[in-house]
Amino acid sequence: AWSGHYRVNGPEGESHLARLVALMAHDVEYEDVPSGLVFVGHDGIRDMAHAACQMASGMSVEIGSRASGGGSYAFETVTTGTNTGAIGSVPASGGSFQIWGVSIGSVSDDGLVTRQRDYWDMAGLLRQLGST
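Overview of the structure. None of the values given here were measured: they were computed from a predicted structure. (Residues numbered from 1 in each chain as written. Predicted model: local features only at pLDDT ≥ 70, side-chain atom pairs only at ≥ 80, totals over all residues. Heavy atoms only, no water.)

Here we come to the sheet that holds strand 5 (residues 96-107). Pairing between the strands of a sheet is mediated by backbone hydrogen bonds and can be parallel or antiparallel. A sheet is described by the order of its strands in space; here six strands give the open sequence 2-1-6-5-4-3, paired in mixed fashion. One side of each edge strand has no neighbouring strand; the edge strands of this open sheet are strand 2 (37-40) and strand 3 (56-69). Strand-to-strand twist in this sheet, taken as the mean axis angle between neighbours without regard to direction, amounts to 20°. (Pairing = 2+ DSSP bridges. Helix = DSSP H or I, 4+ residues; strand = E, 2+ residues; numbered from the N terminus. Axes fitted to C-alpha atoms, helices over the stretch in contact; angles between N-to-C directions.)

Okay, structure coming up:
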(Lines give C-alpha, C1' and ligand atoms only; values in the text may rest on other atoms or scores of the structure.)
Protein backbone atom coordinates (compact mmCIF):
# COMPACT_ATOMS: atom_id res chain seq x y z
CA ALA A 1 0.00 0.00 0.00
CA TRP A 2 2.82 2.42 0.85
CA SER A 3 4.60 2.07 -2.48
CA GLY A 4 1.34 2.90 -4.31
CA HIS A 5 0.61 6.22 -2.57
CA TYR A 6 2.21 8.15 -5.44
CA ARG A 7 -0.54 6.94 -7.80
CA VAL A 8 -3.40 8.80 -6.10
CA ASN A 9 -3.88 11.16 -9.04
CA GLY A 10 -4.08 8.27 -11.53
CA PRO A 11 -7.06 6.27 -12.82
CA GLU A 12 -7.15 3.97 -9.77
CA GLY A 13 -6.04 6.67 -7.35
CA GLU A 14 -8.85 6.31 -4.85
CA SER A 15 -8.29 2.58 -4.48
CA HIS A 16 -4.55 3.12 -3.86
CA LEU A 17 -5.34 5.82 -1.32
CA ALA A 18 -7.97 3.67 0.40
CA ARG A 19 -5.44 0.83 0.84
CA LEU A 20 -2.95 3.23 2.42
CA VAL A 21 -5.48 4.91 4.73
CA ALA A 22 -6.78 1.49 5.86
CA LEU A 23 -3.37 0.84 7.45
CA MET A 24 -3.53 4.01 9.54
CA ALA A 25 -5.08 4.77 12.91
CA HIS A 26 -7.64 7.60 12.75
CA ASP A 27 -5.29 9.92 14.63
CA VAL A 28 -2.09 8.86 12.83
CA GLU A 29 0.72 11.41 12.74
CA TYR A 30 2.94 11.40 9.66
CA GLU A 31 6.03 13.63 9.70
CA ASP A 32 8.13 14.39 6.65
CA VAL A 33 11.31 15.40 8.48
CA PRO A 34 13.26 17.12 5.64
CA SER A 35 10.35 19.40 4.73
CA GLY A 36 9.15 19.95 8.29
CA LEU A 37 5.59 19.03 7.30
CA VAL A 38 3.35 17.07 9.66
CA PHE A 39 0.10 15.46 8.51
CA VAL A 40 -2.48 14.24 11.03
CA GLY A 41 -5.33 11.76 10.61
CA HIS A 42 -6.73 10.14 7.51
CA ASP A 43 -7.30 13.50 5.84
CA GLY A 44 -3.66 14.37 6.51
CA ILE A 45 -2.50 11.14 4.86
CA ARG A 46 -4.63 11.95 1.83
CA ASP A 47 -3.14 15.47 1.69
CA MET A 48 0.40 14.06 1.94
CA ALA A 49 -0.17 11.64 -0.93
CA HIS A 50 -1.65 14.34 -3.17
CA ALA A 51 1.24 16.70 -2.35
CA ALA A 52 3.77 14.03 -3.34
CA CYS A 53 2.01 13.62 -6.70
CA GLN A 54 2.11 17.37 -7.33
CA MET A 55 5.84 17.50 -6.60
CA ALA A 56 6.69 14.77 -9.10
CA SER A 57 5.18 12.88 -11.98
CA GLY A 58 6.06 9.36 -12.96
CA MET A 59 7.10 8.72 -9.38
CA SER A 60 7.86 5.24 -8.17
CA VAL A 61 8.80 4.04 -4.71
CA GLU A 62 10.76 0.84 -4.25
CA ILE A 63 10.81 -0.66 -0.77
CA GLY A 64 14.15 -2.18 0.19
CA SER A 65 15.32 -3.46 3.55
CA ARG A 66 12.72 -3.62 6.29
CA ALA A 67 12.48 -4.59 9.94
CA SER A 68 9.70 -4.78 12.51
CA GLY A 69 9.06 -5.87 16.06
CA GLY A 70 7.88 -4.61 19.41
CA GLY A 71 5.30 -2.24 17.94
CA SER A 72 7.81 -0.51 15.63
CA TYR A 73 8.95 -0.82 12.04
CA ALA A 74 11.47 0.66 9.64
CA PHE A 75 11.96 0.38 5.90
CA GLU A 76 14.30 1.80 3.28
CA THR A 77 13.03 3.40 0.08
CA VAL A 78 14.40 4.44 -3.29
CA THR A 79 12.15 7.00 -4.97
CA THR A 80 12.47 8.08 -8.60
CA GLY A 81 10.49 10.56 -10.66
CA THR A 82 10.43 13.81 -12.57
CA ASN A 83 10.09 17.08 -10.64
CA THR A 84 6.93 18.75 -11.95
CA GLY A 85 5.93 20.88 -8.96
CA ALA A 86 7.51 23.18 -6.42
CA ILE A 87 9.34 21.72 -3.44
CA GLY A 88 8.63 24.33 -0.80
CA SER A 89 10.01 27.57 -2.21
CA VAL A 90 12.08 25.78 -4.90
CA PRO A 91 10.29 25.94 -8.27
CA ALA A 92 9.84 22.85 -10.44
CA SER A 93 12.84 22.07 -12.64
CA GLY A 94 11.48 19.32 -14.86
CA GLY A 95 14.53 17.26 -13.95
CA SER A 96 14.53 13.61 -12.97
CA PHE A 97 15.71 12.35 -9.61
CA GLN A 98 16.47 9.29 -7.53
CA ILE A 99 16.59 9.63 -3.74
CA TRP A 100 17.05 7.28 -0.83
CA GLY A 101 15.12 7.43 2.39
CA VAL A 102 14.12 5.64 5.56
CA SER A 103 10.73 5.47 7.25
CA ILE A 104 10.34 4.67 10.94
CA GLY A 105 7.01 4.11 12.59
CA SER A 106 4.91 2.78 15.44
CA VAL A 107 1.87 0.55 15.34
CA SER A 108 -0.98 0.01 17.79
CA ASP A 109 -1.87 -3.34 19.33
CA ASP A 110 -4.39 -3.84 16.52
CA GLY A 111 -1.68 -3.31 13.87
CA LEU A 112 -2.55 0.21 12.67
CA VAL A 113 0.12 2.82 12.07
CA THR A 114 -0.01 5.49 14.78
CA ARG A 115 3.09 7.47 13.82
CA GLN A 116 5.51 7.56 10.93
CA ARG A 117 8.56 9.71 10.31
CA ASP A 118 10.21 9.83 6.91
CA TYR A 119 13.84 10.82 6.50
CA TRP A 120 15.11 11.31 2.96
CA ASP A 121 17.99 13.00 1.17
CA MET A 122 16.74 16.54 0.49
CA ALA A 123 20.26 17.82 -0.33
CA GLY A 124 20.74 15.05 -2.87
CA LEU A 125 17.38 15.82 -4.45
CA LEU A 126 18.17 19.53 -4.78
CA ARG A 127 21.60 18.75 -6.27
CA GLN A 128 20.04 16.48 -8.89
CA LEU A 129 17.54 19.18 -9.80
CA GLY A 130 20.22 21.87 -10.07
CA SER A 131 18.87 23.86 -7.13
CA THR A 132 22.06 24.01 -5.04
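Of the strand pairs in this sheet, strand 3 and strand 4 (residues 72-83) are connected by ten bridges, and their pairing is antiparallel. Bridge pairing in strand 4 places Glu 62 opposite Val 78. In textbook terms, the turn of a hairpin is the stretch between consecutive antiparallel strands, and for strand 3 and strand 4 this stretch comprises two residues, one of which, Gly 70, has a positive phi near 60°.

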